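Working through the structure, step by step
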Amino acid sequence: MRFYQQLLSVPLYVSYFFRVVDRHSLQAPYIFNFYSKLIDGLKCQKAFSDIEVLRKALRQDIRTISGTDFGAGSRVFNYGGDRTIASIARHGVSSLKDCLLLSQLVKMSQPTTCIELGAALGLTTAYLSRAMPDGLIHSFEGNQGICKIAAENWNKLGCKNISLVSGNIDVQLPKLLHQVKGVDFVIIDANHTAAALLRYFQWIRSHVSQRAVVYVDDIRWSLEMYEAWQQLITHSDVTLSIELLNSGLLIFEKVLPKQHYILSY
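This write-up is about the structure you can find in this document. No experiment lies behind these values; they were computed from the predicted model shown. (Residues numbered from 1 in each chain as written. Predicted model: local features only at pLDDT ≥ 70, side-chain atom pairs only at ≥ 80, totals over all residues. Heavy atoms only, no water.)

1. Describing helix 6 (residues 123–131)
Summarising burial for helix 6: eight of the nine residues are buried, a large majority. Of all the positions in helix 6, only Leu123, Thr124, Thr125, Ala126, Tyr127, Leu128, Ser129 and Ala131 are classed as buried. (Buried < 20%, exposed > 50% of the residue type's maximum accessible area, 1.4 Å probe, protein only. Helix = DSSP H or I, 4+ residues; strand = E, 2+ residues; numbered from the N terminus.)

2. Digging into unusual backbone geometry
In this structure, His192 takes a positive phi of about 60° despite not being glycine. Tracing the chain through its elements places His192 in the loop between strand 6 (183–188) and helix 9 (194–205). In this structure, Leu245 takes a positive phi of about 60° despite not being glycine. Tracing the sequence through the fold places Leu245 in the loop between strand 8 (240–244) and strand 9 (247–251). Residue classification places Leu245 among the buried residues on the basis of a relative accessible area of 18%.

3. Considering the packing of aromatic side chains
This model, assessed by the stated rule, comprises five aromatic pairs. Considering the side-chain rings of Tyr30 and Phe34, the 6.3 Å spacing of their centres and the 15° angle between planes classify their relative orientation as stacked. Remark: Phe34 and Tyr30 occur in helix 2 (residues 29–44); sequence separation between them is four residues, near one turn of the helix. Plain terms: the ring middles of Phe201 and Phe252 are 6.4 Å apart, the flat faces sit at 20° to each other, and that makes the pair stacked. Of this pair, Phe201 sits in helix 9 while Phe252 sits in the loop between strand 9 and strand 10 (259–262), and the two are 51 residues apart along the sequence. Assigned by exposure class, Phe201 and Phe252 land together as buried. Just above the ring of Tyr265 sits the side chain of Lys97; from NZ or CZ to the centre is 4.3 Å. (Phe/Tyr/Trp six-rings, centres within 6.5 Å; stacked < 30°, edge-to-face > 60°. Lys NZ or Arg CZ within 6 Å of the ring centre and 35° of its normal.)

4. Some thoughts on the environment of His192
Since its relative accessible area comes to 12%, His192 is described here as buried. His192 sits 143 residues away from Ser49 along the chain, and the two C-alpha atoms are 30 Å apart. Side-chain polar atoms of His192 contact the side chain of Asp218, separated by 2.6 Å. (Polar contact = N/O pair within 3.5 Å; in protein donor to acceptor, adjacent residues only side chain to side chain.)

5. Some thoughts on the sheet that holds strand 3 (residues 113–117)
What the eight strands build is an open sheet, ordered 5-4-3-6-7-9-8-10; its pairing is mixed. Lying at the two open borders of the sheet, with one neighbouring strand each, are strand 5 (162–166) and strand 10. On average, each strand axis in the sheet is tilted by 15° relative to the strand beside it, whichever way the strands run. Pairing analysis gives five bridges linking strand 4 (residues 136–141) to strand 5, with the strands arranged parallel. By the bridge assignment, Ser139 is partnered in strand 5 with Leu164. Contacting strand 8, strand 9 and strand 10, helix 2 crosses the sheet at an angle of about 35° to strand 8. (Pairing = 2+ DSSP bridges. Axes fitted to C-alpha atoms, helices over the stretch in contact; angles between N-to-C directions. Contact = heavy atoms within 4.5 Å.)

See the structure below:
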């Protein structure tokens, strides 16, 4: 079934490569400056050696984790059963390239408060922590075993500005949103179902600041995920939306006209 879902998503990638443009096709000043700063910044971004050494170690870690997963699972392994930390590190965490992308986006937006939905083993969170040392990251993870490993990893890496929120996001996210004054950066990388993506956005949108950036991962995970993404980019609160192959950005600057771009990454 999962292989069949992957086949259905192939046309989404084909469409991306036919429609994608680079900075030379951008005429509007805001998106040209934003994208140029992103791409030029990525050229200067470097991996943190201690995080990458830990990533390598985790890929060899044969300890098993069990417990409930509240999402759509993985294309590689069954989230409903036991799995090794190594398999999660290889298939269930953001790549170095995506970690550097998020790090650059955070450096550009300088958020005070960040919400990460889907901590996994905490490597992406560690990159965020280094990029926003004066901000606070609320990182959500539903699986208790993974929460324990993520907390251990943050302790090893000396990350002090991360608040771990364990449990079902559907229960915990509304609680947190009523406690924080505003949210400047959001990463949605959990569940991977259309209903959940739309639900999270609906809860978050009234709490984001005008300068906020919402990063949606795996928009081409499935047809239903991409259809949900299409609904988000047409939302009246979203003025600028950007597709970067597997991920998408939502921006809420009120002074901007409604714009959507499919850009190379």
